[in-house]
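# Descriptive structure summary
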Amino acid sequence: MEEPPFGVLLTASGDRRIELVQAVRSVTGLSAWRSKQLLEAAPTILVAETWFERAEQAARCLNELGAQADLDCRWCKRVMSPEDLPVDPGPCSSPYMAPTGCPASRARS
């Protein structure tokens, strides 16, 4: 069964600019210049669609460096903090799987 794609939403950038630019580069594969632009454009989507584990890892990395990054489920349109995982499966409205099948519902912090 296909799992929902997740995005990484950068809602605020932090003060550790050099480390954050490097982190955005590692998450997106973009140049340092473009990564800096994305940090300055917050709130913005850093990664539009990827698998859950990659999105969670990217958001946690950015949050550890002082930015504010959240996960965005592309199926049910919920935005969630990686610190709030696992989430309540009830509001999930995926057309393809049961709410309890969502990786955000079964994630272990």
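These numbers were taken from a predicted model, which means no experiment stands behind them. (Residues numbered from 1 in each chain as written. Predicted model: local features only at pLDDT ≥ 70, side-chain atom pairs only at ≥ 80, totals over all residues. Heavy atoms only, no water.)

Quick look at the overall build of the protein now. When you go through the protein residue by residue, the secondary structure sums to four helices and four strands. The N-to-C order of helical and strand elements in the protein reads β-α-α-β-α-β-β-α. The principal-axis extents of the C-alpha atoms in the protein amount to approximately 40 × 20 × 20 Å. A total of 109 residues make up the protein; the buried ones form 46% of that total. Once local pairs closer than 6 in sequence are excluded, the contacts in the protein between residues at least 24 apart make up 58%. Surface exposure of the protein reaches about 5900 Å², of which carbon and sulfur atoms provide 51%. A gap of 4 Å separates the mean positions of the 12 positive and 14 negative side-chain charges of the protein. (Helix = DSSP H or I, 4+ residues; strand = E, 2+ residues; numbered from the N terminus. Buried < 20%, exposed > 50% of the residue type's maximum accessible area, 1.4 Å probe, protein only. Contact = heavy atoms within 4.5 Å. Areas by Shrake-Rupley, 256 points an atom, 1.4 Å probe, with all protein chains shown as cover. Lys, Arg positive; Asp, Glu negative; His and termini not counted. Charge placed at Lys NZ, Arg CZ, Asp CG, Glu CD.)

Turning next to the sheet that holds strand E1 (residues 6-12). What the four strands build is an open sheet, ordered E2-E1-E3-E4; its pairing is antiparallel. Bordering the open sheet on either side are strand E2 (44-50) and strand E4 (79-80), each of which pairs with just one other strand. (Pairing = 2+ DSSP bridges.)

Below, the discussion takes up the side chain of Asp70. Structurally, Asp70 is set in strand E3 (residues 68-73). One buried charged residue, Asp70, remains without a salt bridge, the closest side chain of opposite sign being Arg60 at 10 Å. In contact with Asp70, other than residues within four places in its own chain, are Gly7, Val8, Leu9, Thr11, Val79, Met80, Ser81 and Pro82. (Salt bridge = Lys/Arg side-chain N within 4 Å of Asp/Glu carboxyl O.)

Moving on, we come to the side chain of Glu56. Checked against the element boundaries, Glu56 lands in helix H3 (residues 52-64). Those residues in contact with Glu56 that sit more than four places away from it in its chain are Leu71, Pro82 and Leu85.

A few words on the packing of helix H1 (residues 17-28) against H3. Working note: a packed helix pair is described by the angle between its axes plus the distance between those axes. Two numbers describe how H1 lies on H3: the axes approach to 10 Å, and their chain directions differ by 175°. As the angle between them shows, H1 and H3 are arranged roughly antiparallel. Side by side, H1 and H3 meet where Leu20, Ala23, Val24 and Val27 of the first sit next to Arg54, Ala58, Cys61 and Leu62 of the second. Residue composition of the contact of H1 with H3, grouped by class: seven nonpolar, no polar and one charged. (Axes fitted to C-alpha atoms, helices over the stretch in contact; angles between N-to-C directions. Parallel < 35°, antiparallel > 145°, perpendicular 65-115°, else oblique. Nonpolar A, V, L, I, M, F, W, Y, C, P; charged D, E, K, R; others polar.)

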